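Geometric and topological summary
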Amino acid sequence: GTPGFSGAELANLINEAALLAARRNLKAIGTPELEEARDKVRWGRERRSLALTDKEKENTAYHEAGHAILIELLENTDPLHKVTIIPRGPSLGSTMWLPEQDKFNHRKNELLDDLVVAMGGRVAEQIQFNDVTNGAMGDIRQATGIARSMVCAWGMSERMGMIEYGEPEGAVFLARDIARARNYSEPTAQQIDEEEKRLIDEAFGKARHLILSHKDKLDAIAQALLEYETLDGNHIKEIMEHGRIMNPPQSPKPPTP
Ligand code: ZN
């Protein structure tokens, strides 16, 4: 459950779990405390006190359902861990997926599917409400970073070839390597822009096609999110297979003060 965690993050996780166990008057740290601490360290602290309007909740439910359904439909994605409309960190909802093990390589097909998943939130909002929000800001940044690295650093655009364009400023890390010092001509810059745009546009088109052709499942996931707030990967699988949740989670409790 902690692939890719650094030693410091693991130490932080154990620390958070100990605090939770103490708060619950437990004699030892158990699996629930470890899981909750892991989610907090990995995806940020839950902000249950944030008061959202019904409209915002519905929008968030469709946004997250859009990510979740694409993770299920695409082949080269990591398993879905959890989808939630409880605000966490800077976002109003989260779709969390986890690789099954530590991963140091990214295959091109995985990156292309990651781009499609990143489009899912915005696409679902647009299909359902015929309007969009700024909730896709993080998705747009992530997708831009992936597309840029694919074209400029990883030789994954046939048109641009196996050439490094620009020099990375600072550490090269997936999707964070956005700032690059330029060392190429103006026409090349234009081609790079076109290639990045093409990757994103194709991902957007694929996301739209997939979600439109599974609109009933999108609705079912969004409604289940509004009802239960948090679903795990198995619930989404059940909705995809049977159209509804066979083993429903507990209904959300009112927040503890
Ligand atoms: Zn999103």
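Scoring rules and cut-offs
Residues numbered from 1 in each chain as written. Predicted model: local features only at pLDDT ≥ 70, side-chain atom pairs only at ≥ 80, totals over all residues. Heavy atoms only, no water. Helix = DSSP H or I, 4+ residues; strand = E, 2+ residues; numbered from the N terminus. Rg over C-alpha atoms; globule rule 2.2 N^0.38 Å. Buried < 20%, exposed > 50% of the residue type's maximum accessible area, 1.4 Å probe, protein only. Contact = heavy atoms within 4.5 Å. Areas by Shrake-Rupley, 256 points an atom, 1.4 Å probe, with all protein chains shown as cover. Expected span 1.5 Å × (residues − 1).

Looking only at helices and strands, the protein chain features eight helices and five strands. Here the protein chain has a C-alpha radius of gyration of 20 Å; the compact-globule value for 257 residues is 18 Å, and the two agree. If one aligns the C-alpha atoms of the protein chain with their principal axes, the spans along those axes are about 65 × 45 × 30 Å. Burial statistics for the protein chain: of 257 residues in total, 42% are counted as buried. At a minimum sequence separation of 6, the contacts of the protein chain that also span at least 24 residues come to 65%. If you sum the accessible surface of the protein chain, you get close to 14500 Å²; carbon and sulfur atoms cover 50% of it.

What follows deals with the environment of Gln126. Tracing the backbone through its elements, the reader meets Gln126 in helix H4 (residues 108-129). Take Gln126: its relative accessible area is 30%, and that puts it in the partly exposed class. In this structure, the C-alpha to C-alpha distance between Gln126 and Tyr62, residues 64 residues apart in sequence, is 9.5 Å. Filtering out sequence-adjacent residues up to four positions away, Gln126 remains in contact with Asp131, Val132, Phe204 and Arg208.

In this section: helix H6 (residues 186-212). Along an α-helix, residues three or four apart share an orientation, since each turn contains 3.6 residues. Its 27 residues place the ends of H6 39 Å apart at the C-alpha level, agreeing with the 39 Å of an ideal helix rising 1.5 Å per residue. If you check which residues of H6 are buried, you get Thr188, Ala189, Ile192, Glu195, Glu196, Leu199, Ile200, Ala203, Ala207, Leu210 and Ile211. At its buried positions, H6 is contacted by helix H3 (54-73), H4, helix H5 (137-152) and helix H7 (215-228).

This brings us to the environment of Glu16. You can see Glu16 is positioned in helix H1 (residues 7-23). Taking the C-alpha atoms as reference points, Glu16 and Glu33, 17 residues apart in sequence, are found 8.2 Å from one another. Leave out the neighbours within four places in its chain, and Glu16 touches Ala37, Lys40 and Val41.

These values are about where atoms sit, not about what they do.
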